[in-house]
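# Close look at the chain arrangement
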Amino acid sequence: MHISNLEKKTTELAAVLQYVIQYQKIHRNVTWEVFHNALDLQLRLQKNAVRVFDVLLLDIFMPVMSGMELAKKILGSDQHTRIVFLSFSSDFAVESYSVDAYSYLVKPVHRQQLWSLLDRLEQELMREQKDVFVLETKKGLRRFQRSHLLCAEAQNGRLTLGFAGGETVMSTMPLGTLAESLTLHHGFVQPHRSYIVNLNGIEKMNGREIQMVDGRRIPIARGHYGKVRKAYLDFC
């Protein structure tokens, strides 16, 4: 679990860092970076195509750009990093919901309070990690959750992936390479040599095609219906 802390140089920051150092002695997989300027943190995030931090601890009141302003900018490009706000006031707690904040801690932060939060985050991230695959896109490498992928189609050497929520991503990854990671263990089936579908995203099917929950229609190759039907029934 990689954490970034955006906070002014204060005795409160020193206390939080001490709590984290103590936590790291027990949880060796936790790493930590501290930023005292929101612009520096923003630049660090923009330089990387893949997710840099799993968790951002953001102080609300920062010079130049507040933690809330930074969170709104991050939300547009990264909806998976957990954001936790730190503040001496609870005045911005309601606004934090607008950026899907994971939590809002009012200072002074106590050790057990922070440790309990980090425990929950670590458990969630471990579960999420098992569901992640990396894809080469036009913008570089990106991490995606398998459970959010509805279907993938290979056509003319190009792979088109449709995700829950309506996002469509293009890639040059061969369909066969993707199929190797999306096994039935993860709830996927290949009804046609050019398609992979998420069994959880199937609305209905017949002998000729599958209709996905988002309305997409996926053809079933001749002789594949029995395999697809069995996979779907076993999954359900």
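In this report, the structure presented in the accompanying data block is examined. (Residues numbered from 1 in each chain as written. Predicted model: local features only at pLDDT ≥ 70, side-chain atom pairs only at ≥ 80, totals over all residues. Heavy atoms only, no water.)

### Description of the packing of helix α1 (residues 11-26) against helix α5 (residues 111-129)
Viewed as axis vectors pointing N to C, α1 and α5 meet at an angle of 50 degrees, and their least axial separation amounts to 10 Å. By the criterion of interaxial angle, the relationship of α1 to α5 is oblique. Here α1 and α5 pass one another in a crossing that is right-handed. Across the interface between the two elements, Val 16, Tyr 19, Val 20, Gln 22, Tyr 23 and Ile 26 from α1 touch Arg 111, Leu 114, Trp 115, Leu 118, Asp 119 and Glu 122 from α5. (Axes fitted to C-alpha atoms, helices over the stretch in contact; angles between N-to-C directions. Helix = DSSP H or I, 4+ residues; strand = E, 2+ residues; numbered from the N terminus. Parallel < 35°, antiparallel > 145°, perpendicular 65-115°, else oblique. Left-handed = near helix turned anticlockwise from the far one by under 90°. Contact = heavy atoms within 4.5 Å.)

### What about the sheet that holds strand β12 (residues 195-198)?
Read across the sheet, five strands follow the order β10-β9-β8-β12-β11 without closing on themselves; strand pairing throughout is antiparallel. On the outer flanks of this sheet lie β10 (168-171) and β11 (188-192), each paired with one strand and no other. Strand-to-strand twist across the sheet, computed as the mean angle between neighbouring axes with direction ignored, equals 20 degrees. Pairing of strand β8 (residues 149-155) with strand β9 (residues 158-163), which is carried by six bridges, proceeds in the antiparallel orientation. Looking across to β9, one finds that Cys 151 is bridged to Gly 162. (Pairing = 2+ DSSP bridges.)

### Things to note about unusual backbone geometry
With an omega of 0 degrees, the peptide bond between Lys 107 and Pro 108 qualifies as cis. As for its position among the elements, Pro 108 is in the loop between β5 (103-106) and α5. Backbone geometry at Asp 100 places phi at a positive 55 degrees, although glycine is not the residue there. Take Asp 100: its relative accessible area is 60%, and that puts it in the exposed class. Of note, Asn 156 is a non-glycine position whose phi angle comes to about 55 degrees, a positive value. Counting through the fold element by element, Asn 156 comes out in the loop between β8 and β9. Asn 156 gets classed as exposed once you look at its relative accessible area, which sits at 78%. (Buried < 20%, exposed > 50% of the residue type's maximum accessible area, 1.4 Å probe, protein only.)

### As for the pairing of β11
Pairing geometry for β11 and β12, over three bridges, is antiparallel. For Phe 188, the partnering residue across the bridge sits in β12 and is Asn 198. Remark: two residues form the turn of the hairpin made by β11 and β12, two consecutive strands paired antiparallel.

### A closer look at the pattern of salt bridges
Scanning the entire structure with this criterion turns up eight salt bridges. If you follow the salt bridges from partner to partner, you end up with Glu 7, Asp 59 and Lys 107 in one network. (Salt bridge = Lys/Arg side-chain N within 4 Å of Asp/Glu carboxyl O.)

### Focus on α5
A rise of 1.5 Å per residue sets the reference length of α5, with its 19 residues, at 27 Å; its end C-alpha atoms lie 26 Å apart and thus fit the reference within 8%. Listed as buried for α5 are Leu 114, Trp 115, Leu 117, Leu 118, Leu 121, Glu 122, Leu 125 and Glu 128. Relative to the axis of α5, the buried residues are bounded by an arc of 160 degrees and lie together on one face. Turned more than 90 degrees from where α5 packs its buried face, Gln 112, Met 126 and Arg 127 sit exposed. (Expected span 1.5 Å × (residues − 1). Arc of directions from axis to C-beta.)

### Let's talk about the side chain of Arg 82
Secondary-structure assignment places Arg 82 in strand β4 (residues 82-87). For Arg 82, a relative accessible area of 13% gives the class buried. In contact with Arg 82, other than residues within four places in its own chain, are Asp 54, Val 55, Leu 56, Tyr 102, Leu 121, Glu 124, Leu 125 and Glu 128.

### Here we look at the packing of helix α2 (residues 38-46) against helix α3 (residues 67-75)
In the contact formed by α2 and α3, the axes pass within 10 Å of each other and the chain directions differ by 15 degrees. Classified by the angle their axes make, α2 and α3 are roughly parallel. Judged by the twist between their axes, the crossing of α2 over α3 is right-handed. Contacts from Ala 38, Leu 41, Gln 42 and Leu 45 in α2 reach Leu 70, Lys 73 and Ile 74 in α3.

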